Amino acid sequence: MAARSKGVGLWLALASAATFGSSGPFAKSLLVEGWSSGAIVLLRVAGATLVLAVPTVLALRGRWHLVRENLGAVLAYGAVAVAGCQVAYFYAVQRLDVGVALLLEYLGVVLVVLFVWARTRRAPSALTGLGVVLAIGGLVLVLDLGGQAAPDLVGVGWGLLAAAGLATFFVLAAEESHLPPVALAGLGMGAGAVALGLLGAVGILPMHFVATDVVLRGAQVPWWVAIGELALVAAAAAYLLGVTAARILGSTVASFVGLTEVLFAVLFAWVLLGELPGVVQLLGGVCIVGGVVAVRVGELRRERSARATAAADDADFPLPAGVA
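Just so it is clear, the model here is predicted, and its values are computed rather than measured. (Residues numbered from 1 in each chain as written. Predicted model: local features only at pLDDT ≥ 70, side-chain atom pairs only at ≥ 80, totals over all residues. Heavy atoms only, no water.)

Novice: Where do I start with unusual backbone geometry in this structure?
Specialist: Excluding glycine, a negative phi dihedral is what most residues carry, and trans is how most peptide bonds are arranged. Phi at arginine 217 takes a positive value of approximately 55°, unusual for a residue other than glycine. Mapped onto the elements of the fold, arginine 217 is located in the loop between β1 (214-216) and β2 (219-221). Of the residues examined, arginine 217 reaches a relative accessible area of 66% and is grouped as exposed. (Helix = DSSP H or I, 4+ residues; strand = E, 2+ residues; numbered from the N terminus. Buried < 20%, exposed > 50% of the residue type's maximum accessible area, 1.4 Å probe, protein only.)

Novice: Is there a simple way to think about the pattern of salt bridges in this case?
Specialist: Think of it this way: side chains of opposite charge can pair up when their charged atoms draw near. One pass over the full model with this rule turns up one salt bridge. Where aspartate 152 meets arginine 95, a salt bridge forms, and the shortest distance between an N and an O atom there is 3.3 Å. On the criterion of sequence distance, the pair formed by aspartate 152 in the loop between α8 (126-143) and α9 (153-174) and arginine 95 in helix α5 (residues 71-95) is long-range, its members being 57 residues apart. Overall, the relative accessible area of 26% leaves aspartate 152 in the partly exposed class. (Salt bridge = Lys/Arg side-chain N within 4 Å of Asp/Glu carboxyl O.)

Novice: Just checking my understanding: could you explain a nonpolar patch on the surface for this structure?
Specialist: On the surface, Leu267, Trp270, Val271 and Leu276 cluster together into a nonpolar patch covering about 380 Å² of accessible area. When you line up the elements, leucine 267 lands in helix α13 (residues 260-273). A residue is classified by how much of its surface remains accessible, and leucine 267, at 40% relative accessible area, is partly exposed. (Patch = residues over 30% accessible without salt bridge, like charges linked within 9 Å, V, L, I, M, F, W, Y side chains within 5 Å. Areas by Shrake-Rupley, 256 points an atom, 1.4 Å probe, with all protein chains shown as cover.)

Novice: How do you make sense of the packing of aromatic side chains when you look at a structure like this?
Specialist: Between two aromatic rings, the relevant description is the distance of the centres plus the angle of the planes. According to the stated counting rule, one finds four aromatic pairs in the structure shown. Seen from their ring centres, tryptophan 35 and tryptophan 223 are 5.5 Å apart, and the 40° between their planes marks the pair as tilted. Placement of the pair is tryptophan 35 in the loop between α2 (23-32) and α3 (37-59) and tryptophan 223 in helix α11 (residues 223-249), with a sequence separation of 188 residues. On the accessibility criterion, tryptophan 35 (4% relative accessible area) is buried. Under the relative-accessibility criterion, tryptophan 223 is labelled partly exposed at 28%. Arranged with centres 5.6 Å apart and planes meeting at 40°, the rings of tyrosine 89 and phenylalanine 90 form a pair that is tilted. (Phe/Tyr/Trp six-rings, centres within 6.5 Å; stacked < 30°, edge-to-face > 60°.)

Novice: I would appreciate a short explanation of α5 in the present structure.
Specialist: Residues lying three or four places apart along an α-helix face the same way, a consequence of the helix completing one turn every 3.6 residues. Across its 25 residues, α5 extends 35 Å between first and last C-alpha, which sits within 8% of the 36 Å expected from 1.5 Å per residue. Helix geometry: α5 is bent most strongly at tyrosine 77, by close to 35°. (Expected span 1.5 Å × (residues − 1). Bend = angle between axes of the 7 residues up to and from the residue.)

Novice: Is there a simple way to explain the environment of valine 133 in this structure?
Specialist: Its location among the elements puts valine 133 in helix α8. Residues valine 133 and glycine 291 lie 158 residues apart in sequence; the distance between their C-alpha atoms is 7.2 Å.

Novice: Explain the environment of valine 87 here, please?
Specialist: Looking at where valine 87 falls in the secondary structure, it is placed in helix α5. Measuring from C-alpha to C-alpha, the distance between valine 87 and isoleucine 40 comes to 8.4 Å, with 47 residues separating the pair along the chain.

Novice: Quick question: what am I supposed to make of the side chain of glutamine 86 here?
Specialist: With respect to the helices and strands, the residue glutamine 86 is situated in helix α5. The exposure class of glutamine 86 is buried, given its relative accessible area of 12%. Setting aside residues no more than four positions away along its own chain, glutamine 86 makes contact with Val41, Arg44 and Val45. (Contact = heavy atoms within 4.5 Å.)

Novice: How should the environment of alanine 46 be read in this particular structure?
Specialist: Position of alanine 46 relative to the elements: it lies in helix α3. With 146 residues separating them in the primary sequence, alanine 46 and glycine 192 have C-alpha atoms 8.4 Å apart.

Novice: What is the right way to look at helix α10 (residues 181-201) in this model?
Specialist: Compared with an ideal rise of 1.5 Å per residue, which puts 21 residues at 30 Å, α10 spans 30 Å between its outermost C-alpha atoms and is within 8% of the ideal. When α10 is considered as a whole, its buried residues turn out to be Val182, Ala183, Leu184, Ala185, Gly186, Gly188, Met189, Gly190, Ala191, Gly192, Ala193 and Leu196. Positioned one or two residues after α10, glycine 203 has a phi angle of 85°, which is positive.

Novice: Can you help me understand the nonpolar core in this one?
Specialist: Buried together is how nonpolar side chains tend to be arranged in soluble globular proteins. The biggest cluster of nonpolar side chains holds 76 residues, and the ones touching the most others in it are Leu30, Ile40, Tyr77, Tyr89, Leu107 and Leu196. Sorting elements by how many residues they give to this core places α5 first, with 13 residues. Beyond its immediate chain neighbours, meaning those up to four positions away, isoleucine 40 contacts Ala27, Leu30, Leu31, Trp35, Phe90 and Leu230. (Core = buried A, V, L, I, M, F, W, Y, C linked by side-chain atoms within 4.5 Å.)

Novice: Explain the packing of α2 against α5 here, please?
Specialist: Contact pair α2 / α5: the axes reach a minimum separation of 9 Å and the direction vectors enclose 70°. Here α2 is positioned roughly perpendicular relative to α5, judged by the angle of their axes. The handedness of the crossing between α2 and α5 comes out as right-handed. Of the residues in α5, those touching α2 at Ser23, Gly24, Ala27, Lys28 and Leu31 are Tyr89, Phe90, Val93 and Gln94. Within the contact of α2 with α5, the residues separate by chemical class into five nonpolar, three polar and one charged. (Axes fitted to C-alpha atoms, helices over the stretch in contact; angles between N-to-C directions. Parallel < 35°, antiparallel > 145°, perpendicular 65-115°, else oblique. Left-handed = near helix turned anticlockwise from the far one by under 90°. Nonpolar A, V, L, I, M, F, W, Y, C, P; charged D, E, K, R; others polar.)

Structural data, given as structure tokens:
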């Protein structure tokens, strides 16, 4: 039964990665028709908020005080990790291939390492350092600086901003809290939707909605199909699948499987939009993914070492007699 449960968890994690990875092509099909990134993200986040409303209320029954205690984390999650990250990613997609934009976003894992290093003043392990070097080298290859076409620096900038948003997500998710993950997602998305609406209302964030068909795989598709996919599949379903998978597999295994989102994004962009990065960019993508894996393994080894050291320290100071 345990083995079967792990197998189900693995399939759920892959499904979560695939649904997350589907967002790029559907968003780009809307951007091509004149939609603004702000409008796409607003409808996506608002739709996901409605879908997650019931699970959020059920998870918080009798524990609404947790919202007040974690209000800062919820607002930061909504403003930066949800709204800011998605807007930046879709702006990057508008100027870059979907796969390239997502690879830039995943550099957020490296930013987390640098953030922790700066906060704790503890240098990363050798394996983590190797992962950072691999990821930076992969970035150079993905940008194809020696190629015939110069990279769109504005698009690269948006991709790196998306990486900062992803790093914020990882930092907030790692904070110890009694707030259920589904509640953090639901409330955070609600806060993100409100923030986007306010920015759009005052004219800071452009909101352009175009009620015209979009083109996917050479066929005309109603615009609301793309929005529905982004809200229901690439947001609400993706997160719920990811949470369920993490509960079965544990956060470590689930996070590694989540790296396949990059591969799914490239596959979807190829099938739906006809986009496929060049050989050099694909090699850079392999380096970035390899670097992220090395970073994760290095940090996990450090965590195990820290726990072993703490256990040894506890053994040096046994409890007084009679204390169980």
